[in-house]
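Geometric and topological summary
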Amino acid sequence: MRNIYSNIFKVNNKNLSKAINLLKKKDLVGVPTETVYGLAGNAYSDIAVKKIYKFKKRPNKNPLIIHYHDIKSLKNDVELNDSFYKLYKAFSPGPITFVLNKKKNSKISKSSTAKLKTVAVRIPRNQTIRRILKVLKFPLAIPSANKSTRVSPVTAEDVASEFGNSLKMILKGKRSAIGLESTVVDLTSKIKILRPGFINQNDISRILKKRIKFSASNNKIKAPGMLKRHYSPGIPIKLNQKSSKKNQAFIVFGKKYKKAKNIFNLSIKEDINEAARNLYKTLRMIKNKKYKIIYVSKIPTHGVGLAINDRLSRASK
Ligand code: TXA
Ligand code: MG
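Residues numbered from 1 in each chain as written. Chains lettered and ligands numbered in written order. Predicted model: local features only at pLDDT ≥ 70, side-chain atom pairs only at ≥ 80, totals over all residues. Heavy atoms only, no water.

1. Examining unusual backbone geometry
With an omega of -10 degrees, the peptide bond running from Ser-92 to Pro-93 counts as cis. Note on placement: Pro-93 falls in the loop between α4 (82-91) and β5 (96-101). Although it is not a glycine, Thr-149 adopts a positive phi angle of roughly 75 degrees. Mapped onto the elements of the fold, Thr-149 is located in the loop between β7 (140-141) and α6 (156-163). Owing to a relative accessible area of 18%, Thr-149 belongs among the buried residues under this scheme. Its identity is not glycine, yet Asn-240 carries a phi of approximately 55 degrees, on the positive side. Positionally, Asn-240 belongs in the loop between β12 (237-238) and β13 (249-252). (Helix = DSSP H or I, 4+ residues; strand = E, 2+ residues; numbered from the N terminus. Buried < 20%, exposed > 50% of the residue type's maximum accessible area, 1.4 Å probe, protein only.)

Structure (structure tokens):
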């Protein structure tokens, strides 16, 4: 299939240099990560960060996640603590974001942190974004590369369908291996999970040797992005349904469902990780097929299942 977008570039040395140069010039680049595709800009530049908010139509009270290559560069901007070191050792580079206190002399653009004294930081695992971060002298602010409140992209084509050719460059890496945004864990006071993800409550509790809670209710200021409608394909979604009519898209999980045009199975073999990987792709596909409503069967809550249910419930608001 030929690309209709002229701004999608495959990953090679020449295109990586081009991406690096754009970022140095405070421009934005669509990039792959293991969780979802992101919209990257220089986190030390007000100009670049403001472009991100404008592109995404993102309210400026919703702070960005700052991405680093390694712990050495991270140390310049945030105060590290014991819990951080333990979780970092267990899960980074990877799909986990830490909320930490910002250092007074941090160079992070104030526009990216919604005036908070804390910063969300992540060291991603995807090799393409790591190759870019490695050569840059600044970290990257990388929100998911979708218009605010919409479904996150998991391929370069998804990014292009959000922004068209208005972005100068989208790097076409692999489809995101995890398919859901990183787990966000607040380490600044009583430790809590602000956004569930592939790394779950049990994983974090096991490493810290204490029970850690997912707290959606009292994170009013902590994660503004978590409160309102989010991850929405733009059509109504009804959860926990047993069946559907032919003209309704039906998202299901497991062997017991028949094959039909309107039935979208997240994982026939009942693999919860496969279901996570397929979720956003499926929501986007259903939207493109012009369905007017989406029904969803019960989806298990083990492993990354909690995160799947969290995203679906926010998408249904
Ligand atoms: O997997 C990911 O994290 C992706 C990829 C591209 O790295 N990025 C991503 O960014 O999901 P974004 O901007 O779509 O989501 C950032 C989330 C929001 O819910 C935001 O409110 C929260 O992180 N956040 C950012 N800074 C925060 C802070 N200081 N305190 C609490 N939450 C924060
Ligand atoms: Mg997002």
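That covers the picture; the talk isn't over yet.
2. With respect to helix α2 (residues 46-56)
Turning to α2, its buried residues number three or more, namely Ala-48, Val-49, Ile-52, Tyr-53 and Lys-56. Angular distribution of buried residues about the axis of α2 spans 140 degrees; they occupy a single face of the element. Opposite the packed face of α2, turned more than 90 degrees from it, sit the exposed residues Lys-50 and Lys-54. At its buried positions, α2 is contacted by β3 (38-42), β7 and α6. The distance from a side-chain oxygen at the start of α2 to the backbone nitrogen of Ile-47 is 3.2 Å, and the residue carrying that oxygen is Ser-45. (Arc of directions from axis to C-beta. Contact = heavy atoms within 4.5 Å. Polar contact = N/O pair within 3.5 Å; in protein donor to acceptor, adjacent residues only side chain to side chain.)

3. Section: the sheet that holds strand β14 (residues 263-265)
Taken together, the four strands give an open sheet; going across it, the order is β12-β15-β13-β14, and neighbouring strands pair in parallel fashion. The sheet terminates laterally at β12 and β14, the two strands that pair on one side only. Packing against the sheet, helix α8 (residues 272-288) makes contact with β12, β13, β14 and β15 (294-296), and its axis sits at approximately 170 degrees to β13. (Pairing = 2+ DSSP bridges. Axes fitted to C-alpha atoms, helices over the stretch in contact; angles between N-to-C directions.)

4. A word on the nonpolar core
Ranked by internal contacts, the top residues of the largest apolar core, which has 40 residues, are Leu-87, Phe-98, Val-121, Val-185, Leu-187 and Ile-204. Secondary structure elements with two or more residues in this core: α2, α3 (71-74), α4, β5, β6 (118-122), α6 and α7 (201-208). If you tally residues by element for this core, the top one is α6, at four residues. Counting 28 residues, the second largest nonpolar core, distinct from the first, contains Val-154, Ile-237, Ala-276 and Leu-312. (Core = buried A, V, L, I, M, F, W, Y, C linked by side-chain atoms within 4.5 Å.)

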